[in-house]
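Single-letter residue listing:
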Amino acid sequence: KETKDQLIIDAGQKHFGATMCKSCGMIYTASNPEDEMQHVQHHHRFLEGIKYAVKLNCGFLFLWQGWKKERVVAEFWDGKIVLVLPHDPSYAIRKVEDVQELVDNELGFQQVVPRCPNKTKTFLFISDEKRVVGCLIAEPIKQAFRVLSEPTGPESPSSKECHRAWQCSNVPEPAVCGISRIWVFRLKRRKRIARRLVDTLRNCFMFGCFLSTDEIAFSDPTPDGKLFAAKYCNT
Ligand code: ACO
Ligand code: ZN
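On a predicted model such as this, the values are computed, not experimentally measured, just so you know.

### As for the side chain of Thr19
Move 1: Along the chain, Thr19 turns up in strand E1 (residues 18-20).
Move 2: Beyond its immediate chain neighbours, meaning those up to four positions away, Thr19 contacts Met26, Ile27, Tyr28 and Ala30.

Right under this line is the structure:
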C-alpha cells in the first residue's frame, strides 16, 4: 500500500487515483477500464510515433535507392514518379509497405487489406534528393458513390453505409480506378506533387487510354483529401 502511494507521488499527479505513465506521459485512472483502454491506445500510438520519428531523422525510411529496372513513368525538374507493381523486387515492396504504414498512421487508418493485392499499383514521387515524398496507391474498382455534401457527423446513418463520414449518394456510378491512399510529405505539400501523381495515374492505369476524372474515385477522403480532390476534379 505504501509503495503504491509513493508511486503516485512520484508521478506528480494531482488528482486522487490518477497515474502518469512514465513512458508516454498520459495521466489516467488505472482503475477505470475506459481510461485504461484510452491509455493503451495512446501509449501505442506515442511509441509508434517515436519509432517513425527516429527512422525519419535517420533519413532511413524515405531514402530511395531504386533498382536497375525501376519503372520511371514521369520525370520532372524536381523529381520523378516510379511505378511499383506487386511482383517487383522485395526492396521496392518493403519500401512501399513502410511508406503505407506511415501514411496509415498519419491518417489514423487501421490496417486495410487491399481487395485485390495483385492488381494494386503504387506510384511513388521521388524527390531529386532521392527521398520518397509522395505516394499514391490505386486499385481497380467497378463502382463508386458520389460525395454529396459536407460531413454529417460520425454517427449519421450514411456513414455506416458508405464507410465514411461524408454524406454520399446511394446510387453507384461506374468507375475504373480507386485511389485508396494519396499522401505527400508534409514539407513538400502544395507543390503540385499530388496533382502530378494523379495525372500520372490517369495516364498509366490502363494501357493506351487516359482516364477521365469521372473514372477515378477517392476512397474515404480526409478533409485534406477532399479539398484536393474537389480542386483536382474541377480543373
Ligand atoms: N487545403 C486546400 N486546398 C488544397 C489542399 C489543402 N490542404 N491540398 C490541396 N489543395 C488544392 C489546392 O487548390 C492545390 O492547388 P494550389 O496549391 O495551386 O492552390 C491543389 O489542390 C493541388 O494540390 P497539390 O499541391 O497537388 O497537393 P499536395 O501535393 O499538397 O497533396 C494531399 C495533397 C495529398 C491531400 C496532402 O495534403 C496530404 O498528403 N495530406 C495528408 C494525407 C491525406 O489526408 N491524404 C488524403 C487522404 S484521402 C485518400 O487517401 C483517398
Ligand atoms: Zn503509457
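Next comes the rest of the description.
### Here we look at the coordination of the zinc ion (ligand 2)
Six octahedral donors around a metal ideally make angles of 90 or 180 degrees; four tetrahedral donors ideally make 109.5 degrees.
Move 1: At this site the zinc ion (ligand 2) is bound by Cys21 (SG), Cys24 (SG), His39 (NE2) and His43 (ND1), with donor distances of 1.9 to 2.4 Å.
Move 2: Taken together, the four donor atoms coordinating the zinc ion (ligand 2) and their angles of 103 to 117° define a geometry best described as tetrahedral.
Move 3: Within one chain, the residues donating to the zinc ion (ligand 2) are spaced in sequence as C-x2-C-x14-H-x3-H.
Move 4: Look at Cys21 and you get buried, because its relative accessible area is 12%.

### Side note on the site of ligand 1
Move 1: Taken together, 23 residues are adjacent to ligand 1, and Ile182, Val184, Arg190, Arg192 and Thr222 come closest.
Move 2: The backbone of Ile182 places a nitrogen or oxygen atom 2.7 Å from a nitrogen atom of ligand 1.
Move 3: A distance of 3.1 Å separates a nitrogen atom of ligand 1 from a polar atom in the side chain of Asp224.
Move 4: Computed on the free molecule, ligand 1 has an accessible area of 960 Å², of which 86% lies beneath the protein chains in the complex.
Move 5: With respect to the detected pockets, ligand 1 is housed in the second largest pocket.
Move 6: For the shell around ligand 1, the elements supplying multiple residues, two or more each, are strand E11 (177-184), helix H5 (193-204) and helix H6 (223-233).
Move 7: Taken together, the residues of the shell around ligand 1 sort by class into 10 nonpolar, four polar and nine charged.

Cut-offs and rules
Residues numbered from 1 in each chain as written. Chains lettered and ligands numbered in written order. Predicted model: local features only at pLDDT ≥ 70, side-chain atom pairs only at ≥ 80, totals over all residues. Heavy atoms only, no water. Helix = DSSP H or I, 4+ residues; strand = E, 2+ residues; numbered from the N terminus. Contact = heavy atoms within 4.5 Å. Donors = N, O, S within 2.8 Å, 3.2 Å for Na, K, Ca; no water. Tetrahedral: all angles 85-135°; square planar, octahedral: opposite > 155°, others 65-115°. Buried < 20%, exposed > 50% of the residue type's maximum accessible area, 1.4 Å probe, protein only. Near = heavy atom within 4 Å. Polar contact = N/O pair within 3.5 Å; in protein donor to acceptor, adjacent residues only side chain to side chain. Areas by Shrake-Rupley, 256 points an atom, 1.4 Å probe, with all protein chains shown as cover. 1 Å grid on protein atoms, 1.4 Å probe; cavity = no way out; pocket = protein on both sides within 12 Å on 5 of 7 lines; lining within 4 Å. Sits in = over half its atoms within 2 Å of the grid points. Nonpolar A, V, L, I, M, F, W, Y, C, P; charged D, E, K, R; others polar.

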